[in-house]
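Now for the letters of each chain:
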Amino acid sequence: MSRKPSFANLRDRAAPVAAPAPAPAPAPSPADAGRGPASRQGRKQIAGFFSPEMSLAMHMLARRQNRSLQALMAEAFNDVLRKHGESPIGD
């Protein structure tokens, strides 16, 4: 079985002339470390692994309804809560 070629030899080749790289963004302050975007503040992630068929079906449904996959998942979770006698949360 052949091995993939190493990309280390590409370092030695002359790099094409390009525009200077932009200055790096300032590092976040320690108070901001570990925080995601503002839209995720106060939220927790729920994830799962599903078959490719389930993934495709959910993505296609979301696309047809012009909704996000997250919105469909929230609807499904609320339906499960109702089914088991719990109050739906909303989003």
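Notes on the structure in this doc start here. Note on numbering: residues in each chain are counted from 1, in written sequence order. Only residues with pLDDT of at least 70 are given local features in this predicted model, and only at 80 or more are side-chain atom pairs given and counted; all residues enter the totals for whole chains, interfaces and linings. Heavy atoms from the whole structure form the basis of all side-chain values; hydrogens and water molecules are not counted.

Right, let's talk about the overall build of the protein for a bit. Assigned secondary structure in the protein consists of two helices and zero strands. Any residue under 20% of the maximum accessible area for its type is buried, any over 50% is exposed, and the rest in between are partly exposed; the area is computed with a 1.4 Å probe on protein chains only. The buried share among the 91 residues of the protein stands at 4%. Throughout, the Shrake-Rupley method with a 1.4 Å probe supplies accessible areas, and for residues the shown protein chains are the sole cover considered. Working note: accessible area of the protein is about 9100 Å², and carbon and sulfur atoms make up 59% of it. We count a stretch as a helix when DSSP gives it H or I for four or more residues in a row; a strand needs E for two or more, and each element gets its number in order from the N terminus.

Of note, N78 is situated in helix α2 (residues 69-83). According to the relative accessible area criterion, N78 is buried, its value standing at 8%.

Glancing now at helix α1 (residues 52-64). In an α-helix there are 3.6 residues to a turn, and that puts residues three or four apart on one side. The first and last C-alpha atoms of α1 sit 18 Å apart over 13 residues, in line with the 18 Å expected at 1.5 Å per residue. Phi turns positive, to about 55°, at N66, one or two residues after α1. Helix span, as expected, comes to 1.5 Å for every residue beyond the first.

So, on to unusual backbone geometry. What is expected of a backbone is that most residues other than glycine have negative phi and most peptide bonds are trans. One non-glycine residue with positive phi stands out, namely N66, at about 55°. For N66, a relative accessible area of 72% translates into the label exposed.

Within the fold, Q41 resides in the segment before α1. If sequence neighbours within four positions are ignored, Q41 has contacts with R35 and G36. We call two residues contacting when some pair of their heavy atoms lies within 4.5 Å.

Definition used for salt bridges: Asp or Glu carboxyl oxygen within 4 Å of a side-chain nitrogen of Lys or Arg. All chains considered together, the criterion is met by two salt bridges. A salt bridge links R67 to E75; the shortest N-O distance between them is 2.8 Å. One salt bridge in this structure joins R82 and D79, with 2.9 Å as the shortest N-O distance. Here D79 and R82 lie together in helix α2, a separation of three residues that amounts to about one turn. Residue classification places R82 among the partly exposed positions, given a relative accessible area of 47%.

Attention now moves to α2. The end-to-end C-alpha separation of α2 is 21 Å, in line with the 21 Å expected for 15 residues at 1.5 Å each. Within α2, burial applies to L72, A74 and N78. One side of α2 holds all its buried residues, which, seen down the axis, span an arc of 160°. Along α2, the residues that are exposed and aim more than 90 degrees away from the buried face are Q70 and K83. Its buried side turned inward, α2 meets α1. After α2 finishes, the residue G85 shows a positive phi value of roughly 75°. Here the arc refers to the directions that run from the helix axis out to each C-beta atom.

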